[in-house]
Amino acid sequence: MKLLEVKDMRAAYGRIEVLDGVSLDIEAGEIVALIGANGAGKTTLLRTLSGVHPLAAGQIFFDGVDVSAQASHVRLRAGMAQVPEGRQVFGPLSVRDNLLMGAYVRDQAEVPQDIERMLDLFPILREKQHLPAGSLSGGQQQMLALGRALMARPRLLLLDEPSMGLAPVIVQEVFRIIRRLRGQGTTILLVEQNAHLALTVADRAYVMESGRIAFSGDSGSVRGDPQVQKAYLGL
Ligand code: ATP
């Protein structure tokens, strides 16, 4: 079953076209990677999906429903949650309150048990739950940003550059959690500069160039493509 279907998506900043007719789909339960050079439009694609950037043309279907005209909070309620590039946690608020903010669309009766689930998934956040989020390291903030998005119990997680600026050992930890989420049935669209890592964890991938999908396929065939190897895998 297609959980997400995007048809001919266009988006712009003023008169500058950034997405030039992007079509893609994601089956329920898949991890799909979106790779491509800086400025190819990957972040804009995620922001347009979640509804924080306007769709100029095209259609977005989520679970068979056309959400193209829906506001971002309506899409969030329907089950699309984004972890933004650069994490963007609320620095002065405690770790626990950041997690609570992720649950504002949820039935509040279930929230305490979900907070416990997050603190189990990320033990470091349990340890630091009463400290301001701004005092956490970059890796811990990435865990918190992930945990906050998961508090919405999303069916589709839009993950923007989770490895950015993190030490290799922390990146491994973040990707271990991504695999675990997939094991629990969360569908993930993963934007990642580190194409090698993204292709290791993903079922399929789309390669973006200048606002278009240049290539797509299962991770093995994308990894085996000579152009992808040259441009993104340093081979
Ligand atoms: P990166 O990995 O660097 O984030 P990306 O593939 O995610 O790259 P986008 O961030 O979507 O690319 O940017 C696509 C294009 O849109 C770039 O040319 C960028 O300069 C431009 N752009 C991004 N944000 C804005 C903005 N707020 N105003 C104007 N142009 C923007």
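What you are looking at is a predicted structure, and each value in this text was computed from that prediction instead of being measured.

Definitions and limits used
- Residues numbered from 1 in each chain as written.
- Predicted model: local features only at pLDDT ≥ 70, side-chain atom pairs only at ≥ 80, totals over all residues.
- Heavy atoms only, no water.
- Near = heavy atom within 4 Å.
- Polar contact = N/O pair within 3.5 Å; in protein donor to acceptor, adjacent residues only side chain to side chain.
- Areas by Shrake-Rupley, 256 points an atom, 1.4 Å probe, with all protein chains shown as cover.
- Helix = DSSP H or I, 4+ residues; strand = E, 2+ residues; numbered from the N terminus.
- Nonpolar A, V, L, I, M, F, W, Y, C, P; charged D, E, K, R; others polar.
- Expected span 1.5 Å × (residues − 1).
- Buried < 20%, exposed > 50% of the residue type's maximum accessible area, 1.4 Å probe, protein only.
- Lys, Arg positive; Asp, Glu negative; His and termini not counted.
- Salt bridge = Lys/Arg side-chain N within 4 Å of Asp/Glu carboxyl O.
- Contact = heavy atoms within 4.5 Å.
- Pairing = 2+ DSSP bridges.
- Axes fitted to C-alpha atoms, helices over the stretch in contact; angles between N-to-C directions.

Engineer: Just to check I follow, could you spell out the site of the ligand for this structure?
Structural biologist: Not every one of the 13 residues close to the ligand is listed here, only the nearest: Gly39, Gly41, Lys42, Thr43 and Thr44. Within the side chain of Tyr13, one N or O atom sits 3.5 Å away from a nitrogen atom of the ligand. One nitrogen or oxygen atom from the side chain of Gln193 is found 3.2 Å from an oxygen atom belonging to the ligand. Out of a free accessible area of 630 Å², the ligand has 58% covered by protein chains. No other element matches helix α1 (residues 42–50), which puts 3 residues into the shell around the ligand. In terms of residue class, the shell around the ligand is made up of 4 nonpolar, 6 polar and 3 charged.

Engineer: Where do I start with helix α6 (residues 138–150) in this structure?
Structural biologist: Along an α-helix, residues three or four positions apart point the same way, because every turn accommodates 3.6 residues. A rise of 1.5 Å per residue sets the reference length of α6, with its 13 residues, at 18 Å; its end C-alpha atoms lie 18 Å apart and thus fit the reference within 8%. Residues Gly139, Gln140, Gln141, Gln142, Met143, Leu144, Ala145, Leu146, Gly147, Arg148, Ala149 and Leu150 constitute the buried set of α6.

Engineer: How should the side chain of Arg75 be read in this particular structure?
Structural biologist: When you line up the elements, Arg75 lands in helix α2 (residues 72–78). In this structure Arg75 is buried but unpaired, with Asp66 as the nearest side chain of opposite charge at 7.6 Å. A polar side-chain atom of Arg75 sits 3.1 Å from the main-chain carbonyl oxygen of Ser68. In this view, Arg75 contacts Thr48, Leu49, Ser50, Gly51, Ile60, Val67, Ser68, Ala69, Gln70 and Met80; residues no more than four positions away in its chain are not counted.

Engineer: Got a minute to help me understand the sheet that holds strand β3 (residues 31–36) in this structure?
Structural biologist: Paired through backbone hydrogen bonds, the strands of a sheet run either parallel or antiparallel to each other. Strand order in the open sheet made by the 6 strands is β6-β7-β8-β3-β9-β10, with mixed pairing throughout. This sheet does not close on itself; its edge strands, each paired only once, are β6 (80–83) and β10 (212–218). Ignoring strand direction, the axes of neighbouring strands in this sheet form an average angle of 15°. In this sheet, strand β7 (residues 156–160) lies alongside β6 in parallel orientation, the contact comprising 4 bridges. Pairing of Gln82 across the sheet is with Leu158, part of β7.

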